[in-house]
Amino acid sequence: MSTSNKTTFSSTLGVIMAAVGSAVGLGNIWRFPYICGKYGGGAFLIVYLCFVFLLGATLMMSEFVIGRRSQHTPIKAFQALHPKKAWGLLGLLGLITSFFILSQYLVLSGWTTDYIWESISGNLAALGSDAGAISNYFAQFSTNALRPVIAVVIFSVICLVVIMCGVQKGIENVSKVLMPLLVLLVLVLCVRSLTLPNAGKGLEYLFLPDFSKLTGEGVLAALGQALFSLSVGMGVMIVYGSYMPVNDNVFKTAMWITACDTLIAILAGVAIFPAVFSCGFDPAGGPGLVFCVLPNVFNNMGGAGIVFSTIFFLLLAVAAMTSAISLLESLTATLLEHAKVNRQVSAVLFFLLSSAFGILFSLSIGPLSNVTIGHAHLTMFDFVDKLNSIYLPPICSLFTIFFFGWVMPEADIKDELSNHGVLKIGYYKVFRFLARYVAPLALLVVLITGIMG
Ligand code: PHE
């Protein structure tokens, strides 16, 4: 195999921190807890755990193998592993997906960044427990022409600086600091939340199995969330796989990453719902939960509320940052491999492009909301949201797992998983079955129901 791409993380710990950094993001903190509660708490959790460990981890291992075996970024990786060069198009599709996810992610990350300031400055606290005023504040902020745009720029510049510092000095070192910080922040919030009166109600909502709420829609949401949360299906893990040291155990590393990602999602739920229920609020979903319900919860905590709300928005921004970094790195590294440019130029280029689109999507919520797409008259933000949730990731994941299960030579896979015969791979038969049959079928169902629904 070619070894043109020699950059690696320094150790297994480095790989795990960086990949957990990619995996743990807004999806864990503001999406998982909400859908878990909505679709039956413990009942949803059981299904989610099956999906994330059986299918999500399978996809992650496949991407790691493709990346480390080929030592290339997605387009060349697929081309290096199969003589038909057209497979490179799959890498390209993954990069386009990464680009759109990044651009949309920057908008939401910008909001969380701005809210760190809104919290520290006391602006949020000043709204007291007037739910209407808090929602209005958010509506005015998110539709403003300038403030969210500035936030997008600030957030993306920080990501850019990290990428420009390189894989070990930038991504790995930053992840090694930010991930433990994130765990600390979420634990502080958990302790606060659990010690509030009536915290048990929130735990019940989150964990008590209610199978009547676990609808077909809930099962599909669990699968979609498992893939999104592990950052698989668009080649980011192919790039990180190409940085994996040769003696790293792909199976163990993927299991660690999956376990950490899942644990942090659950902890996020423990940090949020007991507090929400303790204040007697309804658990809303998405931005409503984070920017309208939670500020009210913090304002109900008295003086220390400012501290906890700042910790919360900092937690969100940290989680979002390492995820955005992985997306920007995937794009940067690919251009680096295909064109005669250096890392700095490549990173700046994608920074400019993704923040330009991010700004456009942000404006489409406010001043440009009259610019719509298609018969459904979707705003640009809603359009890209649909693209990023229903179409692009399942399509890429489906083709990637198909390539891995049916096209890539099996001998290469076994050789890579066993580190050239050094490691025992007793799990292989089960893994192969999941990769060839279960994962493609499940993804096909997600895709079809997504498109039809
Ligand atoms: N896994 C991230 C989250 O949970 C999102 C993400 C998806 C990051 C794909 C990178 C690639 O928020």
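Residues numbered from 1 in each chain as written. Predicted model: local features only at pLDDT ≥ 70, side-chain atom pairs only at ≥ 80, totals over all residues. Heavy atoms only, no water.

## Overview of the overall build of the chain
So, point 1. When its secondary structure is counted, the chain shows 18 helices and two strands.
So, point 2. Compactness check: the chain gives a C-alpha radius of gyration of 21 Å against a globular reference of 22 Å for 453 residues, within 12% of the reference.
So, point 3. C-alpha extents for the chain along the principal axes are approximately 65 × 45 × 45 Å.
So, point 4. For the chain, the proportion of its 453 residues judged to be buried stands at 58%.
So, point 5. In the chain, of all internal contacts separated by at least 6 residues, the share reaching a separation of at least 24 is 81%.
So, point 6. One finds the centroid of the 23 positive side-chain charges in the chain at a distance of 10 Å from the centroid of its 19 negative side-chain charges. (Helix = DSSP H or I, 4+ residues; strand = E, 2+ residues; numbered from the N terminus. Rg over C-alpha atoms; globule rule 2.2 N^0.38 Å. Buried < 20%, exposed > 50% of the residue type's maximum accessible area, 1.4 Å probe, protein only. Contact = heavy atoms within 4.5 Å. Lys, Arg positive; Asp, Glu negative; His and termini not counted. Charge placed at Lys NZ, Arg CZ, Asp CG, Glu CD.)

## Section: helix 7 (residues 147-164)
So, point 1. With 18 residues, helix 7 extends 26 Å between its outermost C-alpha atoms, agreeing within 8% with the 26 Å of an ideal straight helix rising 1.5 Å per residue.
So, point 2. Those residues of helix 7 lying buried are Pro148, Val149, Ala151, Val152, Phe155, Ser156, Cys159, Leu160, Val162 and Ile163.
So, point 3. In this structure, the buried side of helix 7 is in contact with helix 5 (88-120), helix 6 (131-143), helix 8 (167-194), helix 14 (305-338) and helix 15 (343-363). (Expected span 1.5 Å × (residues − 1).)

## Details of the site of the ligand
So, point 1. For the ligand, the set of nearby residues contains 14 residues, the closest of which are Ala23, Gly27, Tyr105, Phe228 and Ser231.
So, point 2. In the model, a nitrogen atom of the ligand is placed 3.3 Å from a nitrogen or oxygen of the serine 22 main chain.
So, point 3. In this structure, a nitrogen atom belonging to the ligand sits 3.0 Å away from a side-chain N or O atom of serine 231.
So, point 4. Across the complex, the protein chains shield 100% of the 330 Å² of accessible surface that the ligand would expose by itself.
So, point 5. If you list the elements that add at least two residues to the shell around the ligand, you get helix 1 (12-23), helix 2 (26-38), helix 10 (216-229) and helix 14.
So, point 6. A breakdown of the residues in the shell around the ligand according to their chemical character gives six nonpolar, eight polar and no charged. (Near = heavy atom within 4 Å. Polar contact = N/O pair within 3.5 Å; in protein donor to acceptor, adjacent residues only side chain to side chain. Areas by Shrake-Rupley, 256 points an atom, 1.4 Å probe, with all protein chains shown as cover. Nonpolar A, V, L, I, M, F, W, Y, C, P; charged D, E, K, R; others polar.)

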